Amino acid sequence: MNTKHSVGIIGAGFIAQEHIQVLNSLPEVKLQGIFDIQKEKAVSLSKKYKIREVFDSAEQIIKEKLCDYVHIVVPPYSHTQSALPFLESGINVFM
């Protein structure tokens, strides 16, 4: 069985690029999209790495069930705040 895991990136800073490169190299992963509160940063990375979608909000990802997993790559002081909504909705979180 060749099931792909749908993954979203939360945060579009420097470390996001490292995560994107690794995720794009994994055949079992489908990089679904990226979200950042500074939308222009997410748009820029989506163009650079040909990411299919820029999410409008974390709530959109949860409500529309767009991802099986999210990578939280925001500054450490906001890890908990960023991860909790995903964890509470049953979406797997990588931090």
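Scroll up to find the structure this text is about.
Residues numbered from 1 in each chain as written. Predicted model: local features only at pLDDT ≥ 70, side-chain atom pairs only at ≥ 80, totals over all residues. Heavy atoms only, no water.

Residue-level account of helix α1 (residues 14-24), with values.
Taken residue by residue, α1 has Ala16, Gln17, His19, Ile20 and Leu23 as its buried positions. Looking straight down α1, one finds that the buried residues subtend no more than 165° of arc, so they occupy a single side. Along α1, exposed side chains directed more than 90 degrees from the buried face belong to Phe14 and Val22. Turning to α1, the residues buried within the fold contact β1 (5-10), β2 (29-35), α2 (39-48), β4 (69-72) and β5 (92-94). (Buried < 20%, exposed > 50% of the residue type's maximum accessible area, 1.4 Å probe, protein only. Helix = DSSP H or I, 4+ residues; strand = E, 2+ residues; numbered from the N terminus. Arc of directions from axis to C-beta. Contact = heavy atoms within 4.5 Å.)

Account for helix α4 (residues 79-88), with residues named and values stated.
Regarding α4, the residues found buried are Ser82, Ala83 and Phe86. One side of α4 carries all its buried residues, which in axial view fall inside an arc of 85°. Exposed residues lying more than 90 degrees from the buried face of α4 are Thr80, Gln81 and Glu88. In this structure, the buried side of α4 is in contact with β1, α3 (58-63), β4 and β5. Among the residues trailing α4, Gly90 stands out with phi positive, at a value near 90°.

I'd like to hear about the layout of surface pockets, residue by residue, with values.
Roughly 380 Å³ of internal volume is contained in the largest pocket. Lining the largest pocket are 19 residues, with Phe35, Ile37, Val74, Ser78 and Ser82 sitting closest to its centre. Broken down by secondary-structure element, the contributors of at least two residues to the lining of the largest pocket are α3 and α4. Per-element tally for the lining of the largest pocket: the top contributor is α4, with 4 residues. Here the residues of the lining of the largest pocket are counted per class, giving 10 nonpolar, 6 polar and 3 charged. (1 Å grid on protein atoms, 1.4 Å probe; cavity = no way out; pocket = protein on both sides within 12 Å on 5 of 7 lines; lining within 4 Å. Points joined across faces, edges and corners; volume = space filled by probe spheres on them. Nonpolar A, V, L, I, M, F, W, Y, C, P; charged D, E, K, R; others polar.)

Which residues make up the nonpolar core, and what values do they have?
Counting residues in hydrophobic clusters, the biggest one holds 14 residues, and the most contacted among them are Ile9, Ile20, Leu23, Leu31, Ile34 and Leu45. Among the secondary structure elements, those contributing two or more residues to this core are β1, α1, β2 and α2. Contacts of Ile34, omitting those with residues within four sequence positions, involve Ile9, Gly11, Ala12, Ile20, Ala42, Leu45, Ser46, Ile51, Glu53, Val54 and Phe55. Phe55, Leu66, Ile72 and Val74 belong to the second-largest nonpolar core, a separate cluster that totals 13 residues. (Core = buried A, V, L, I, M, F, W, Y, C linked by side-chain atoms within 4.5 Å.)

Mind laying out the sheet that holds β2, listing which residues take part and the relevant values?
Strand order in the open sheet made by the 5 strands is β3-β2-β1-β4-β5, with parallel pairing throughout. Either end of the sheet is taken by a strand with one partner, and the two such strands are β3 (53-54) and β5. Pairing geometry for β1 and β2, over 6 bridges, is parallel. Opposite His5, over in β2, you have Val29 as the bridge partner. Against the sheet, α4 touches β1, β4 and β5, its axis set at about 175° to β4. (Pairing = 2+ DSSP bridges. Axes fitted to C-alpha atoms, helices over the stretch in contact; angles between N-to-C directions.)

Just geometry here; none of it tells us what the structure is for.
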